[in-house]
Amino acid sequence: MRPPAMFASLLLGGAALMPWAAVAEPAEAPAWVIDPARPGDSLPPAGGSLFDALFAEPRAGGSGHRLPFPFEALLARVDAQLAGGSLRRVLIPLGRSLQRTAAGPEAFGFPRYLAAVDAEPAPGALLLKDRLYIGYQEKTAVLEVISYNEAAGRFEFQLVKDYRAGGRPQVFYANRHVCFACHQNGAPIFSRALWDETNANPAIAAQLAAEGRGFHGFAVARGVDTPYAIDVGVRRANRFALTQRLWREGCGGGELGLRCRAGLFAAALRLRLADGHAPPFDAAFDATVAQPLRAAAARQWPGGLAVGRSDIPNRNPLQGLDAWPEAPEARVARSHVAALFDPLLPRPADTVWRADSPGALAEAVAGLADFARGGEWQPFEAALARQGRRLPRAEWLFECTPLPASRASRCRGLDAAGGVSLRFEPAGRIEGLTDAASAPRAAIVLRPLAPGRWQPAEALRLPGGDGLDEVDARGLAAGSGRLRLMLRPDSRALARVMDTLLADTAGRALFDDRPIPRADIFAALLLALGAPPAPRPVQPWPEARLERAPGPGQGSATRGVLAGFHTWCAACHLSADSVPPNFLAGPADQLEARIRQCAPRIYIRLAMARQPAAARDKTPMPPDTLLPALGSDAARWAAGPERAALEAAVAAMLHAETGRAPDPETLLAGGYEALRPCLARR
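Residues numbered from 1 in each chain as written. Predicted model: local features only at pLDDT ≥ 70, side-chain atom pairs only at ≥ 80, totals over all residues. Heavy atoms only, no water.

1. What to know about the state of the cysteines
Phase 1: Within this structure, the stated rule accounts for three disulfides.
Phase 2: Put simply, Cys251 and Cys260 are joined by a disulfide, and their sulfur atoms are 2.0 Å apart. The sign of the -60° torsion about the S-S bond sets the Cys251-Cys260 disulfide as left-handed.
Phase 3: Each disulfide pairs two cysteine sulfurs, and for Cys598 the partner residue is Cys678, the sulfurs being separated by 1.8 Å. (Disulfide = S-S within 2.5 Å.)

Laid out in C-alpha cells, this is it:
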C-alpha cells in the first residue's frame with residue numbers, strides 16, 4: 001500500500017521524513033518500517049518490558065510483579081523514576097479503546113484513565129520517557145500497558161487483570177494481532193488536536209465534574225497542554241522503530257557496519273551534549289557513516305522507509321448534544337465509534353525516510369539521540385567533562401566588527417569556528433550564536449573572570465559537544481578585533497573513548513546488528529571513562545505469560561462453513577479476553593450457539609466489506625490491515641466466496657430468528673451499540 005501524497009511530513013530537527021508530494025516518485029514503493037500484518041510473537045523474543053522491570057519483585061525461585069493499589073499509588077511509583085516531572089494524565093470517558101463500552105451508561109462515573117511519561121529519568125532510574133503508557137478501567141479492573149523492551153527493540157503490549165481492592169493482579173502479555181489492528185506501527189496511538197475525547201474538552205470536563213467524585217488524583221478539568229504533550233510524545237515513540245531499523249539494517253554488516261553504528265552513536269551523543277545544536281557533519285562522518293548508510297539503504301529500500309501514522313482523527317463523542325441523556329440506552333449509544341473515526345481503519349504512512357533526501361543523516365542521528373539518554377546520562381556527562389579537562393583546550397577564533405549605535409560586536413568564526421557567528425556584548429552576553437546546521441541558541445550570560453575575560457554563568461556546551469570554558473575579549477578594541485572562545489574538548493575525549501571501545505572485543509560487540517543496547521553502551525562508556533557504572537539490579541524477569549482461552553477451542557473439530565470462522569477470525573476472537581469478544585473460545589459443539597448470539601454484530605461487520613467505504617457505519621472484519629496475514633486483501637475479501645459464505649451463514653441464523661432476511665440498514669436503525677452483545681451476559 002503506497003502512502004498518498006496528501007499527508008504532509010513531520011519534520012523534526014532537520015529530518016528527512018518527506019511528504020510524498022515533496023520527493024520524486026520512487027521507482028519502487030517504500031517498505032513499511034513496521035508491517036501491521038506482521039505483529040511478531042506476543043511474548044517477548046528477548047528481555048522484557050519496562051513495566052516488568054519497574055514492578056518486578058524477587059520471589060523464591062524467580063520473580064513476579066508487585067503492583068501498588070490504588071491506581072494513584074501505582075502512578076506514584078512511576079513518578080519516583082522521573083526527574084522534576086510526573087506522568088501526564090488525562091481522562092477519556094467515551095474513547096476508542098477496547099474497554100470503551102465497559103462502563104456502559106456510567107461512562108462519566110468510570111472513565112478510562114490514561115497516563116503517559118514524557119519526562120526525563122532521575123539519575124540512575126529507568127528510561128521511561130515516551131516509553132510507558134498505562135490505561136485503566138475501574139469497571140473491568142483492567143490495566144492496559146504499552147511499554148518499551150530495549151532488548152527486543154520494540155514496544156510490548158500487556159494486560160493486568162483483577163487490579164482492584166482485594167484483588168490478585170495478574171499480568172499477561174497481550175495478543176499482538178489484536179493490538180496491531182489499531183496500533184499499526186507497533187507503538188502507542190493518540191488523537192489529533194483538539195483532543196475532544198479527553199477532559200480538555202470543557203463539555204467532557206463539566207460532565208465529569210457533575211459526578212462529584214475524585215478520579216485517583218486526575219484533574220477533572222485541564223487545558224490542551226497535557227493531551228498535546230502526550231500527542232508529541234506518542235509521535236516521538238512511533239519513530240523508535242525507524243531508528244532501530246536504520247541501526248540494525250541501514251549500516252549494513254561486517255566491519256563497515258560496525259563502525260557506521262559506532263559513528264552514529266557518537267554523533268547522537270554529541271547532539272545530546274550540545275542540547276540539539278549539531279555542527280555540520282565532517283569528512284570522517286561522511287566516510288564512516290553517511291556513505292555506508294546511503295549505499296545500504298539504496299540497496300535495501302530503493303523506495304524509502306514508510307513510517308506508520310500514530311494519530312487518529314479527532315472525535316467529539318458529545319457532538320450535537322445539549323445535555324447528557326437520562327436514558328441508559330441513549331448514553332450507551334454515545335460509545336459508538338463510526339468507521340470514519342475507527343482506529344481499525346488502515347492509515348497511510350505519516351512520512352517516508354529516503355537516504356538521498358536532504359537531512360536524511362540528521363534524522364538518523366536525531367532519532368538515535370532519543371536512545372542516547374537515560375538515568376546514566378548525568379554520570380556519563382560528568383565523567384566525560386573530567387576527561388575533557390585533562391586535554392589541552394580547544395579554541396574558536398572570531399573576527400569581530402562593531403555594530404552601529406551599539407557597543408556590541410558582530411563576530412564571524414574563523415578556522416575551526418568557520419560557519420559560526422555570534423553577537424558579543426561587552427556587558428557580558430553572547431546572543432544569536434548559530435551555525436549552518438542549527439537555529440540560534442538562547443542568549444549566553446557571562447560573568448567576569450578577569451579584565452576582558454569571561455566565563456559562562458551556567459555550564460553549557462557548544463555545537464559539537466565541547467564545553468565553553470572562557471570567553472577572551474582582550475583582542476577587541478572599540479568593538480573591533482579578535483574574540484576567542486576557549487573550549488573544554490569533550491568531543492575529543494568522546495572520540496578517544498569510542499576508539500577505546502572499538503579496540504576491545506566486548507566493546508565492538510556493542511555495535512553488532514542487534515537492537516540498540518543503550519544501557520550496555522553507557523555502562524561500557526562509563527567504565528572506559530574511569531567512572532564505574534552504578535550496579536544494575538540482577539533478577540530474573542517475571543514470567544512472560546499469555547492467558548489461554550477457556551475450553552479447548554477446537555477449530556479442527558468444526559466442520560462446514562462454521563470452520564471458516566476459525567480460519568478468518570481466530571487471530572483475534574479465540575482468546576481468554578472478552579474484548580474483542582472471544583466467541584470462538586470454548587467447546588466446538590457449542591460454536592454455533594456462540595455465533596448465533598453474536599450474529600447481528602458479525603453480520604454487520606461482514607456486510608460492511610461489500611459497502612462503499614464512504615457508506616460504512618462500521619469498519620469491516622477482519623480488519624483490512626490484517627488480511628495480508630491471511631493471504632487476502634480488502635478487495636479480494638469483499639468480493640470473495642469466503643466472506644460471502646460467512647455472511648450467508650449468519651444471515652440464515654438471523655432469518656431463522658426473526659423470519660426475515662437481515663439487512664444492515666434495518667439492523668442499525670437503533671445504532672450499532674444497541675445490537676445484542678456478542679457474549680451472553682452471565
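2. Quick word on the nonpolar core
Nonpolar side chains in soluble globular proteins tend to be buried together.
Phase 1: Formed by 111 residues in total, the largest nonpolar core has its most connected members in Phe71, Phe265, Phe380, Phe511 and Leu525.
Phase 2: Residues Trp568, Ala570, Tyr603 and Cys678 belong to the second largest nonpolar core, which totals 29 residues. (Core = buried A, V, L, I, M, F, W, Y, C linked by side-chain atoms within 4.5 Å. Buried < 20%, exposed > 50% of the residue type's maximum accessible area, 1.4 Å probe, protein only.)

3. Considerations on the side chain of Asp52
Phase 1: Take Asp52: it is sitting in helix 1 (residues 50–55).
Phase 2: Buried charged residue Asp52 carries no salt bridge. Nearest counter-charge: Arg545, at 9.1 Å. (Helix = DSSP H or I, 4+ residues; strand = E, 2+ residues; numbered from the N terminus. Lys, Arg positive; Asp, Glu negative; His and termini not counted. Salt bridge = Lys/Arg side-chain N within 4 Å of Asp/Glu carboxyl O.)

4. A few points about helix 8 (residues 283–300)
Phase 1: Between its first and last C-alpha, helix 8 extends 24 Å over 18 residues, near the 26 Å set by a 1.5 Å rise per residue.
Phase 2: Taken as a whole, helix 8 carries its principal kink of about 35° at Ala290; the proline Pro292 stands between one and four residues after it.
Phase 3: Taken together, the buried positions of helix 8 are Phe285, Val289, Ala290, Pro292, Leu293, Ala296 and Ala297.
Phase 4: Structurally, helix 8 contributes buried residues whose contacts are with helix 6 (240–250), helix 7 (254–273), strand 14 (349–353) and helix 10 (360–369).
Phase 5: The backbone nitrogen of Ala284 lies 3.3 Å from a side-chain oxygen of the residue at the head of helix 8, namely Asp282. (Expected span 1.5 Å × (residues − 1). Bend = angle between axes of the 7 residues up to and from the residue. Contact = heavy atoms within 4.5 Å. Polar contact = N/O pair within 3.5 Å; in protein donor to acceptor, adjacent residues only side chain to side chain.)

5. Some remarks on the pairing of strand 7 (residues 132–137)
Phase 1: Of all the six residues making up strand 7, six are buried; the element is thus mostly covered by neighbouring parts of the structure.
Phase 2: Burial along strand 7 is two-sided: the residues Leu132, Ile134 and Tyr136 and Tyr133, Gly135 and Gln137 are all buried.
Phase 3: Sheet topology places strand 7 next to strand 8 (residues 142–149); six bridges connect them, and they run antiparallel. By the bridge assignment for strand 8, Gln137 is matched with Val142.
Phase 4: In sequence, strand 7 turns back onto strand 8 through a hairpin of four residues, with Ala141 there showing a positive phi of about 55°. (Pairing = 2+ DSSP bridges.)

6. Some thoughts on the packing of aromatic side chains
Phase 1: One pass over the structure, following the stated rule, counts 24 aromatic pairs.
Phase 2: With 4.8 Å between their ring centres and 80° between their planes, Phe108 and Trp324 make a pair best called edge-to-face. In this pair, Phe108 is assigned in the loop between strand 5 (88–92) and strand 6 (112–116) and Trp324 in the loop between strand 13 (311–312) and helix 9 (328–333), connecting sequence segments 216 residues apart.
Phase 3: Ring plane angle 65° and centroid distance 6.2 Å describe the contact between Phe157 and Phe180, whose orientation is recorded as edge-to-face. Taken together, the positions of Phe157 in strand 9 (residues 154–161) and Phe180 in helix 3 (residues 176–182) put the pair 23 residues apart, joining distant regions of the chain.
Phase 4: Ring pairs connect the aromatic residues Phe69, Phe71, Tyr113, Tyr136, Tyr163 and Phe218, which therefore count as one cluster. (Phe/Tyr/Trp six-rings, centres within 6.5 Å; stacked < 30°, edge-to-face > 60°.)

7. Observations concerning the pattern of salt bridges
Pairing between side chains becomes possible if they bear opposite charge and their charged atoms approach one another.
Phase 1: Per the counting criterion, the structure on display carries 50 salt bridges.
Phase 2: A salt bridge links Arg236 to Asp130, with the shortest nitrogen-to-oxygen separation between them at 2.7 Å. Within this pair, whereas Arg236 is found in helix 5 (residues 225–237), its partner Asp130 is found in the loop between strand 6 and strand 7, the two being separated by 106 residues in sequence. Asp130 carries the same exposure label as Arg236, and that label is buried.
Phase 3: The closest approach of N and O atoms between Arg518 and Glu376, which form a salt bridge, is 2.7 Å. Note that Arg518 is positioned in helix 14 (residues 518–528) and Glu376 in the loop between helix 10 and helix 11 (377–389), a separation of 142 residues in sequence.
Phase 4: For Arg518, a relative accessible area of 5% puts it in the buried group.
Phase 5: Look at Glu376 and you get buried, because its relative accessible area is 18%.

8. Some remarks on the sheet that holds strand 10 (residues 170–173)
Phase 1: Here we have six strands laid out as an open sheet, ordered 5-6-7-8-9-10, and antiparallel in their pairing. Looking at strand neighbours, the two that pair on one side only are strand 5 and strand 10, the edges of this open sheet. On average, adjacent strands in this sheet sit at an angle of 20° to one another, irrespective of strand direction.
Phase 2: Sheet topology places strand 9 next to strand 10; four bridges connect them, and they run antiparallel. In the strand pairing of strand 10, Leu159 is matched with Phe172.
Phase 3: Sheet contacts for helix 2 (residues 71–79): strand 5, strand 6, strand 7 and strand 8; angle to strand 7, the most-contacted strand, approximately 175°. (Axes fitted to C-alpha atoms, helices over the stretch in contact; angles between N-to-C directions.)

9. Structural notes on the confidence of the model for the protein
Phase 1: For the protein, mean pLDDT is 92; residues scoring 70 or higher make up 94% of the total.
Phase 2: The low-confidence segment residues 1–26, where pLDDT is below 50, has 71 contacts with residues more than four positions distant or belonging to other chains. (pLDDT = per-residue confidence, 0-100.)

10. Remarks on helix 16 (residues 591–607)
Phase 1: When the terminal C-alpha atoms of helix 16 are compared, their 21 Å separation across 17 residues is substantially less than the 24 Å that a helix rising 1.5 Å per residue should span.
Phase 2: The sharpest bend along helix 16 measures roughly 70° and falls at Ala599, with the proline Pro600 sitting one to four residues further on.
Phase 3: Judged by how many residues are buried, helix 16 sits mostly within the fold: 13 of 17 residues are covered.

11. Brief notes about the environment of Arg681
Phase 1: By the secondary structure assignment, Arg681 is in the segment after helix 19 (664–667).
Phase 2: The class of Arg681 is exposed, set by a relative accessible area of 74%.

12. Some details on the packing of helix 16 against helix 18 (residues 641–658)
Phase 1: Between helix 16 and helix 18, the shortest axis-to-axis distance is 8 Å and the interhelical angle comes to 120°. On the basis of their axis angle, the class for helix 16 and helix 18 is oblique. For helix 16 against helix 18, the interelement crossing comes out left-handed. Contacts from Glu592, Ile595, Arg596, Ala599, Pro600, Ile602, Tyr603, Leu606 and Ala607 in helix 16 reach Arg643, Leu646, Glu647, Val650, Ala651, Met653 and Leu654 in helix 18. (Parallel < 35°, antiparallel > 145°, perpendicular 65-115°, else oblique. Left-handed = near helix turned anticlockwise from the far one by under 90°.)

13. Looking at the packing of helix 7 against helix 11
Phase 1: The interhelical angle for the contact between helix 7 and helix 11, taken along N-to-C directions, is 90°, at an axis separation of 12 Å. Taken as axis vectors, helix 7 and helix 11 run roughly perpendicular relative to one another. Residues Leu269, Arg272 and Leu273 of helix 7 form the contact with helix 11, whose own contacting residues are Trp377, Phe380, Glu381 and Leu384.
Phase 2: A per-class count over the contact of helix 7 with helix 11 returns five nonpolar, no polar and two charged. (Nonpolar A, V, L, I, M, F, W, Y, C, P; charged D, E, K, R; others polar.)

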